[in-house]
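Read off the chains here:
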Amino acid sequence: EAQVTQNPRYLITVTGKKLTVTCSQNMNHEYMSWYRQDPGLGLRQIYYSMNVEVTDKGDVPEGYKVSRKEKRNFPLILESPSPNQTSLYFCASSYTGFYGYTFGSGTRLTVV
Amino acid sequence: SQELEQSPQSLIVQEGKNLTINCTSSKTLYGLYWYKQKYGEGLIFLMMLQKGGEEKSHEKITAKLDEKKQQSSLHITASQPSHAGIYLCGADIRNNQGGKLIFGQGTELSVKP
């Protein structure tokens, strides 16, 4: 089944403890993105990648890192999480970026 | 302010009624996407519009992009409880830079039986 898989689905962590949210797609898509969703603010793009080793900042990149060493994986790294990074995170992938994105099921992160 | 404005922010309709959700930008939209989201879950791709004046339909949902490519509408005919959820419009407003999508705030739809 074609899908975008995010792990974990739920995560509660403490301020300052490094964490990684994984994202993997099995559709050989070139484009991958990370978004965060917050009430009243909608979906905001954190980082995106147009291909292996090619990444760029979205609208809210502060406090996040990404890497794209393989086509299928696009992990989101929070080096020192803070409570304002508590949010619902989505990973998405697309064949070209112009023809619709497939979204993962989301990761609900709480930083206390 | 949002680059993509959706209206209304929330909508409650009686089952069987028609409804329309709008998505507006001050910039030209190069690729307009409609998604549906169940609460706390991932986004489901509904439709994509690219050309001015384009209209697409899937089952009871019709989406249109105006000629100027600055406004899109999503119309649901004879709404059903299964249509309930959050509808989001997304767009690439920078031509030839696929990968940088922005989204509206979403419209929360409730359908009363």
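Preceding this section is the structure that the text describes.
Since the model is a prediction, treat every value here as computed from it, not as a measurement.

A. Looking closely at the overall build of chain B. Secondary structure assignment for chain B yields zero helices and eleven strands. Moving toward the C terminus, one meets the helices and strands of chain B in the order β-β-β-β-β-β-β-β-β-β-β. The C-alpha atoms of chain B give a radius of gyration of 13 Å, which matches the 13 Å a tight globule of 113 residues would have. For chain B, the spread of C-alpha atoms along the principal axes amounts to about 45 × 30 × 20 Å. Taken over 113 residues, chain B has a buried fraction of 46%. For chain B, long-range pairs separated by at least 24 residues make up 56% of all intrachain contacts whose partners lie at least 6 apart in sequence. For chain B, the exposed surface amounts to about 5400 Å²; the carbon and sulfur share of it is 46%. Side-chain charges of chain B comprise 13 positive and 11 negative groups, with the mean position of each set lying 1 Å from the other.

B. Examining the side chain of Arg68 of chain A more closely. Residues and elements named next belong to chain A. You can see Arg68 is positioned in the loop between strand E7 (65–66) and strand E8 (76–78). Buried Arg68, no salt bridge; nearest opposite-charge side chain is Glu30, N-O distance 8.1 Å. Only 2.7 Å separates the side chain of Arg68 from the side chain of Ser49, close enough to count as a polar contact. Beyond its immediate sequence surroundings of up to four residues, Arg68 is in contact with Gln25, His29, Glu30, Met32, Ser49, Met50, Asn51, Val52, Glu53, Thr55, Asn73 and Phe74.

C. Fine view of the pairing of strand E5 (residues 42–51) of chain A. All names here are of chain A. Taken across its ten residues, E5 has seven buried, putting it largely inside the fold. In the sheet, strand E4 (residues 31–38) pairs with E5 via seven bridges, with the strands oriented antiparallel. Paired with Asp38 across the two strands is Gly42, which belongs to E5. Counted between consecutive antiparallel strands, the loop separating E4 from E5 contains three residues, among which Gly40 sits at a positive phi close to 80 degrees. When E5 meets strand E6 (residues 54–57), the two strands line up antiparallel, connected through four bridges. Each residue of the ladder has a partner; that of Ser49, found in E6, is Thr55. Here E5 folds back onto E6 in antiparallel fashion, the turn holding two residues, of which Glu53 has a positive phi close to 65 degrees.

D. Quick peek at the sheet that holds strand E1 (residues 4–7) of chain A. Residues and elements named next belong to chain A. Read across the sheet, four strands follow the order E1-E3-E8-E7 without closing on themselves; strand pairing throughout is antiparallel. Strands at the two margins of the open sheet, each flanked by one partner only, are E1 and E7. Looking at chain direction, E1 and strand E3 (residues 19–25) are connected through four bridges and run antiparallel. Its bridge partner lying in E3, Asn7 is registered against Thr22.

E. Structural view of the interface of chain A and chain B. Every contact between the two is made by 26 residues of chain A and, on the other side, 23 residues of chain B. Across the chain A/chain B interface, buried area totals approximately 1800 Å², and carbon plus sulfur atoms make up 52% of it. Viewed at the interface, chain B and chain A are joined by zero salt bridges. The tally of links between chain A and chain B comes to two residue pairs in polar contact (both at pLDDT 80 or more). For the side of chain A that touches chain B, the secondary-structure elements that each account for two or more residues are E4, E5 and strand E9 (87–94) of chain A. It is E5 of chain A that contributes the most residues to the side of chain A that touches chain B, five residues altogether.

F. Broad picture of unusual backbone geometry. The residue after Asn7 of chain A, namely Pro8 of chain A, is reached through a cis peptide bond having omega -5 degrees. The residue Pro8 of chain A is located in the loop between E1 and strand E2 (10–13) in this model. A positive phi angle, close to 65 degrees, is found at Glu53 of chain A, a residue other than glycine. Within the secondary structure, Glu53 of chain A is located in the loop between E5 and E6. Residue class for Glu53 of chain A comes out exposed when judged on its relative accessible area of 61%. For Ala78 of chain B, which is not a glycine, the phi torsion comes out positive at approximately 50 degrees. As for its position among the elements, Ala78 of chain B is in the loop between strand E8 (71–76) and strand E9 (85–91).

Calculation notes
- Residues numbered from 1 in each chain as written.
- Chains lettered and ligands numbered in written order.
- Predicted model: local features only at pLDDT ≥ 70, side-chain atom pairs only at ≥ 80, totals over all residues.
- Heavy atoms only, no water.
- Helix = DSSP H or I, 4+ residues; strand = E, 2+ residues; numbered from the N terminus.
- Rg over C-alpha atoms; globule rule 2.2 N^0.38 Å.
- Buried < 20%, exposed > 50% of the residue type's maximum accessible area, 1.4 Å probe, protein only.
- Contact = heavy atoms within 4.5 Å.
- Areas by Shrake-Rupley, 256 points an atom, 1.4 Å probe, with all protein chains shown as cover.
- Lys, Arg positive; Asp, Glu negative; His and termini not counted.
- Charge placed at Lys NZ, Arg CZ, Asp CG, Glu CD.
- Salt bridge = Lys/Arg side-chain N within 4 Å of Asp/Glu carboxyl O.
- Polar contact = N/O pair within 3.5 Å; in protein donor to acceptor, adjacent residues only side chain to side chain.
- Pairing = 2+ DSSP bridges.
- Buried area = accessible area lost by both parts, 1.4 Å probe.

Everything listed here is a matter of geometry and, on its own, says nothing about what the molecule does.
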